[in-house]
Amino acid sequence: VAAAMAAERGLVAMATCTAPVNIAVIKYWGKRDTDLILPINSSLSVTLHQDQLKTTTTAAASRDFTEDRLWLNGEEADVGHPRVQACLREVRRLARKRRGGGEDTAALSLSYKIHIASENNFPTAAGLASSAAGYACLVSVLARLYGLEEELSEVARRGSGSACRSMFGGFVQWQRGERPDGTDSLALQVAPETHWPELRVLVLVVSGEKKPVASTVGMQTSVETSPLLKHRAEVVVPERLAQMMRHIRERDFEGFGQLAMRDSNQFHATCLDTFPPIFYLTDLSRHIIALAHRYNAHHGHTKVAYTFDAGPNAVIFALADTVAEFVEVVRRSFPPTTNGDQFVRGLPVGSAALSQELLAAVVTEPVPGAVQFILHTKPGPGPQLVDDPSQHLLGADGLP
């Protein structure tokens, strides 16, 4: 109400939210409807903690604004982007519906133009799912501005498919849904972030470059040309999804880790089965895969599990008691050339001594400088409202 009253007087109504990145352990690849962003299979992800990776977005509305405007990481961007427009349109439609069509005087006018500023605390398009956090954040902040409370993962899905999973914390399933209008294609929390307190995540950043083939384009080429992808969506994923939910419920790392690796490998196999083939993994990614298998073999069970999205960066799951030793293994395998002190970021990592036996079995041929840095994080909560006005990304004039 205060926001609406301020905007009425020509002042600026403003809200700020943060939203998390998520990493899929059962992968989404392929749409059955490219306009509504409906997937060919369900997927399951882990939401990462916002202390390490987050998008912050401020949205402001005022009767004095002459056009909608958007700034990304300080640079003005195209607010006319079809997916940004889809989110804006959907949120305004829900707000109008909620108000029963009439203009509620205590609510923010839907005709006012809005200014949006968004920034990430990590490199955009580095294969760290910035679009998921970005659209989840956009939808959360718009909902806050217009006073919406309802199920919003369906709206976030219209921005970026995986964004619907960033609307919740912890472990999240994006249900494929059956309806052609997409109303049953939404995200559900499988378990909260507090469910598995020992679970840790290491992001091995090997490259901050843009990917060779954008996911949007790549996945549709796969849908059109890969018979393996069709088999994956129809036969493999439904069974894996049920297994993965059971492993999470039971906090069974052995089962969780093995299945995450298998599913990542199959996703990349469907990329290879696409014609022409798509390569997201690099020689370095494959080096990390081999390292993880040698490490697990040395210990005789699954202590670390990798998963890769549409890019070369590795995401490694491990339990807290494995982190220090594995980070040291990575440091010995990919010795930092410049940033020794900045090599490990995020949550603190203890020191570990490696036995000669482990070194001999696991650290075979070091590749100096190959891993830029390691980010240590853990599962975390969904989007958060920022109450502190000093954290707004837009000033009182509605400009960055």
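This structure is a prediction, so every number in the text was calculated from the model and none was measured. (Residues numbered from 1 in each chain as written. Predicted model: local features only at pLDDT ≥ 70, side-chain atom pairs only at ≥ 80, totals over all residues. Heavy atoms only, no water.)

Our next topic: the domain arrangement of the protein. The domain architecture assigned to the protein consists of domain 1 (1-193 + 384-391) and domain 2 (199-377). Each of domain 1 and domain 2 was reduced to a C-alpha centroid, and the two centroids are 28 Å apart. At the interface, 28 residues of domain 1 touch 45 residues of domain 2. Buried area between domain 1 and domain 2, both sides added, is near 3000 Å², and the carbon and sulfur share of it is 74%. The interface formed by domain 1 and domain 2 contains 1 salt bridge. Where Lys27 meets Asp309, a salt bridge forms, and the shortest distance between an N and an O atom there is 2.6 Å. Where domain 1 touches domain 2, the interface holds 9 residue pairs in polar contact (both at pLDDT 80 or more). (Domains from an automatic or database assignment. Contact = heavy atoms within 4.5 Å. Buried area = accessible area lost by both parts, 1.4 Å probe. Salt bridge = Lys/Arg side-chain N within 4 Å of Asp/Glu carboxyl O. Polar contact = N/O pair within 3.5 Å; in protein donor to acceptor, adjacent residues only side chain to side chain.)

Okay, the pattern of salt bridges next. Counted by the stated rule, this structure contains 13 salt bridges. The partner of Arg69 in a salt bridge is Glu76, and the shortest N-O contact between them spans 2.8 Å. According to the relative accessible area criterion, Arg69 is partly exposed, its value standing at 24%. Glu76 sits in the partly exposed class, given a relative accessible area of 45%. (Buried < 20%, exposed > 50% of the residue type's maximum accessible area, 1.4 Å probe, protein only.)

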